[in-house]
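Geometric and topological summary
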Amino acid sequence: MIISVGAHRPNGYAPVVRDLGTAGDAFELNVSCPNLDRDGTDIGSDPDAIEAAVAAVRLETDKPLIVKLPVLASSIAECAQAAQAAGADAVCVANSIPALPLEAYTRAPAIGNVIGGLSGPSIRPIVLRLVWLAARSVDIPVIACGGIETADDALDYFSVGASAVQVGTASFARPFAMVEIVRTLQQCCTDDRVTGIRDLIDLWRAQ
Amino acid sequence: MSPMKTPPTAAETRAALARQAAFAAADAAALDGLLSVRPAEAGPRPEPIWDEATVVNHEVVRERYRRLTLSCGTIAATALAGQFLMITVPPHGGERILLPRPMAIHRRNPERGTIEVIYGVAGRGTTALAAVKPGQRLLVTGPLGRGFEFPSGTRRALMIGRGVGVCAVMGSVEDAATRGIHATLVASGRTRGSLIGSAECAELGARFIPVTDEEGTADLPTLGALLRREFAAGPPDVVFVCGAGVLTRLAAELGAEWDVPVQASLEAHMACGLGYCHGCAAPVRTDPAVEGPLVCVDGPVFDAAV
Ligand SMILES: Cc1cc2nc3c(=O)[nH]c(=O)nc-3n(C[C@H](O)[C@H](O)[C@H](O)COP(=O)(O)OP(=O)(O)OC[C@H]3O[C@@H](n4cnc5c(N)ncnc54)[C@H](O)[C@@H]3O)c2cc1C
Ligand SMILES: Cc1cc2nc3c(=O)[nH]c(=O)nc-3n(C[C@H](O)[C@H](O)[C@H](O)COP(=O)(O)O)c2cc1C
Ligand code: FES
């Protein structure tokens with residue numbers, strides 16, 4: 001079990017991880033949160049804040065640490081490098097994209113909070129670019145997350161350097177989406193007589 | 001299926017949306033301070049499953065609604081009164097419906113392994129759902145949420161539904177029939193022709209009271225007076241309500257007069273129905289420092305009291 005931890009200050013993560021003690025097998029730090037120490041800029045868009053948050057958590061636990069980065073960072077590479085430098089074991093790219101949807105015709109805000117996170121298939125090309133940029137800039141694995149619905153979508157991300165993928169929105173309509181994706185990926189490997197996704201991508205590139 | 005109507009003009013759509021917004025605002029105001037999460041259930045909730053349910057029948061009913069009969073034996077056998085489904089709507093004419101839509105389970109037929117849903121076409125999702133043909137398969141997840149529960153010793157129950165909200169209380173009318181509870185269903189709507197529940201009540205031996213806007217019987221003072229007269233000899237032991245905040249308020253007021261509990265089923269925009277997304281905050285007053293209850297898992301049925 002991976003426990004997701006959020007906070008509104010860089011020093012807010014470590015106490016939570018400490019309090020969680022032996023619970024969970026790994027932690028994902030959701031740094032796509034407004035930083036109340038810095039006028040609400042996202043913690044995850046600021047490499048210094050990321051480094052501070054991750055370094056403090058690193059002192060609290062030996063369990064694997066994933067840092068989940070936001071879409072709106074001026075340099076995703078610098079953010080991923082900050083996480084790596086502070087001892088993260090992987091980064092997850094990315095969270096949902098802040099958006100303001102309106103109702104048709106009345107143009108009233110479509111969601112109660114006015115602003116919310118856009119997820120699902122429409123964000124895939126945006127996140128693909130970020131995964132590509134992040135994967136070139138760090139040595140730790142990059143977990144891709146954004147609009148994955150099928151094994152094909154997952155392979156898109158693997159082909160730009162992701163080591164693993166996460167599936168969110170697609171599971172709402174198809175609760176077994178992840179199982180299907182894993183099965184299809186296994187089938188692709190079997191069909192092409194390779195043992196892993198990396199080999200699959202190399203093989204397709206070579207063809 | 002009904003013939004294609006001409007699409008509404010932008011002005012008509014704007015007017016309809018303005019009516020909807022006004023209704024939603026009145027609804028929220030009426031519910032303010034009424035609701036609380038129900039105490040722990042007596043028994044365990046049935047485990048939700050997902051199922052590729054075959055569409056057995058799909059027909060227009062009561063002028064403006066559609067009845068969808070689905071073959072899904074497990075849900076038919078396990079669903080509790082007042083629980084709901086998430087229906088994943090297949091793509092239609094180039095339109096992709098990303099998120100599933102919540103729908104009350106109107107009828108359960110465990111012998112035939114079928115359930116019925118009645119819905120109105122509201123927007124993109126239900127428009128695409130209306131195109132589904134018998135024999136097609138629909139992905140459904142359920143049964144979900146917390147249903148209506150009769151307090152022990154209930155002998156008489158009052159159910160009140162507005163529009164398609166009748167469907168959320170119909171399962172409790174079914175339960176009343178099997179438990180020998182005397183049920184009265186008030187169906188409120190715009191027109192007589194659109195009211196849901198008359199045939200169902202005849203089948204289940206429940207009393208059916210239609211009230212409509214067109215006849216001037218559905219407004220709150222008139223309906224309140226009617227119910228006070230109806231139960232003058234002795235109040236019901238419990239009231240279940242769904243479909244409008246103002247009706248929930250009326251039910252809560254009657255409940256206070258009669259000194260009986262009231263349970264109300266709510267609607268909310270739902271992305272998952274499973275408690276994952278936290279997008280369906282319930283209009284329940286809570287400590288602002290802690291996250292409040294969710295309509296999909298803590299409800300959709302809540303206690304309502306003035
Ligand atoms: C527990 C539960 C049970 C329900 N049972 C039924 C039922 O038995 N029959 C039925 O017809 N409908 C039912 N609904 C409402 C139904 O889910 C919505 O009408 C449907 O999701 C609309 O989808 P759409 O894509 O057609 O509309 P959209 O395009 O999503 O929306 C069209 C308009 O309807 C409004 N709207 C959409 N969803 C809701 C909602 N959940 N609550 C209030 N307003 C909404 C939108 O704001 C918009 O103005 C239920 C909802 C819940 C939460
Ligand atoms: C309703 C909803 C709630 C979310 N809540 C969180 C959250 O609490 N923490 C987090 O790190 N990401 C959260 N996310 C973001 C997702 O984990 C994911 O990064 C994003 O939705 C993109 O992936 P997807 O397109 O597969 O959904 C949420 C997304 C949605 C749709
Ligand atoms: S609909 Fe997702 S938590 Fe309620």
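The structure this text deals with has already been given above.
Residues numbered from 1 in each chain as written. Chains lettered and ligands numbered in written order. Predicted model: local features only at pLDDT ≥ 70, side-chain atom pairs only at ≥ 80, totals over all residues. Heavy atoms only, no water.

**A look at the sheet that holds strand β7 (residues 114-120) of chain B**
All names here are of chain B. How we decide: For two strands to be treated as a pair, DSSP must find at least two bridges joining them. Only runs of H or I of at least four residues qualify as helices and only runs of E of at least two qualify as strands under DSSP, and these elements are numbered from the N terminus. Axis definition: a line fit to C-alpha positions, over the contact stretch in the case of helices; interaxial angles, taken between N-to-C directions, run 0 to 180 degrees. Residue contacts are counted whenever heavy atoms from the two residues lie within 4.5 Å of one another.
Overall, antiparallel pairing links the seven strands, which are arranged β5-β4-β8-β2-β3-β7-β6 in an open sheet. Bordering the open sheet on either side are β5 (101-104) and β6 (107-109), each of which pairs with just one other strand. Direction aside, neighbouring strands of the sheet carry axes that sit 35 degrees apart on average. Where strand β2 (residues 49-61) lies against strand β8 (residues 137-144), six bridges are found, and the strand directions are antiparallel. What sits directly across from Ala53, in β8, is Leu138. Packed onto the sheet, helix α4 (residues 166-179) meets β5, β6 and β7 and runs at close to 45 degrees relative to β6.

**Describing the site of ligand 1**
Filter applied, for reference: Nearness is judged by heavy atoms alone; a residue qualifies as near a molecule or strand once a single heavy atom is within 4 Å of it. Here a polar contact means two N or O atoms within 3.5 Å. Within protein one must be a hydrogen donor candidate and the other an acceptor candidate, and residues neighboring in sequence count only if both atoms are side-chain atoms. Each accessible area is a Shrake-Rupley estimate made with a 1.4 Å probe; only the visible protein chains count as cover when residues are assessed.
Every one of the 22 residues lining ligand 1 counts as a neighbour, but B:Gln20, B:Arg101, B:Pro102, B:Gly125 and B:Thr126 are closest to it. Surrounding ligand 1 is a set of residues that belongs to chains A and B. Take B:Gly120: an N or O atom from its main chain is 2.9 Å from an oxygen atom of ligand 1. Within the backbone of B:Gly125, one N or O atom sits 2.6 Å away from an oxygen atom of ligand 1. In isolation ligand 1 exposes 880 Å². Once the protein is present, 81% of that is buried.

**Some points on the packing of aromatic side chains**
Where two aromatic rings form a pair, the distance of their centres and the angle of their planes describe that pair. The condition is simple: Think of it this way: a Phe, Tyr or Trp ring, Trp meaning its six-membered ring, pairs with another when their centres are within 6.5 Å, and the plane angle makes it stacked under 30 degrees, edge-to-face over 60, tilted otherwise. Under the scheme applied here, a residue whose accessible area is under 20% of the maximum for its type counts as buried, over 50% as exposed, and between as partly exposed, the area being computed with a 1.4 Å probe on protein chains only. Geometrically, a lysine NZ or arginine CZ counts as sitting over a ring once it is within 6 Å of the ring centre and also within 35 degrees of the ring normal.
As enumerated under the stated definition, the model contains four aromatic pairs over all chains in all. Both rings, one in A:Phe176 and one in B:Trp50, keep their centres 4.1 Å apart while their planes meet at 40 degrees; by these two values the pair is tilted. In this pair, A:Phe176 sits in the loop between α6 (170-173) and α7 (177-191) while B:Trp50 sits in strand β2, so the two residues belong to two different chains. Among the residues examined, A:Phe176 registers a relative accessible area of 9% and is labelled buried. The exposure class assigned to B:Trp50 is partly exposed, which follows from its relative accessible area of 40%. With 5.1 Å between their ring centres and 50 degrees between their planes, B:Phe150 and B:Phe240 make a pair best called tilted. Within this pair, whereas B:Phe150 is found in the loop between β8 and β9 (156-162), its partner B:Phe240 is found in strand β12 (residues 238-242), the two being separated by 90 residues in sequence. Across the pair, B:Phe240 and B:Phe150 agree in class, each one buried. Site record: aromatic cluster; members linked through ring pairs are B:Phe148, B:Phe150 and B:Phe240. One residue, A:Arg136, lies across the ring of A:Trp132, its end atom 4.3 Å from the ring centre.

**Some points on the site of ligand 2**
Residues and elements named next belong to chain A. Operational definition: When residues are grouped by polarity, Ala, Val, Leu, Ile, Met, Phe, Trp, Tyr, Cys and Pro land in nonpolar, Asp, Glu, Lys and Arg in charged, and all others, Gly among them, in polar.
Around ligand 2 sit 15 residues, and of these Lys68, Gly120, Gly147, Gly168 and Thr169 come closest. Interatomic distance of 2.7 Å between a side-chain N/O atom of Lys68 and an oxygen atom of ligand 2. Protein chains bury 72% of the 610 Å² of accessible surface belonging to ligand 2 in isolation. A class-by-class count of the residues in the shell around ligand 2 yields five nonpolar, nine polar and one charged.

**Some points on the interface of chain A and chain B**
Where we set the bar: Any Lys or Arg side-chain nitrogen located within 4 Å of an Asp or Glu carboxyl oxygen qualifies as a salt bridge.
Taken residue by residue, the interface counts 11 residues in chain A and 17 residues in chain B. The tally of links from chain A across to chain B stands at one salt bridge. For A:Glu149, the salt bridge identified is with B:Arg96, shortest N-O distance 2.8 Å. Here chain A is connected to chain B by two residue pairs in polar contact (both at pLDDT 80 or more). Class assignment of the residues belonging to the side of chain A that touches chain B gives a composition of seven nonpolar, two polar and two charged.

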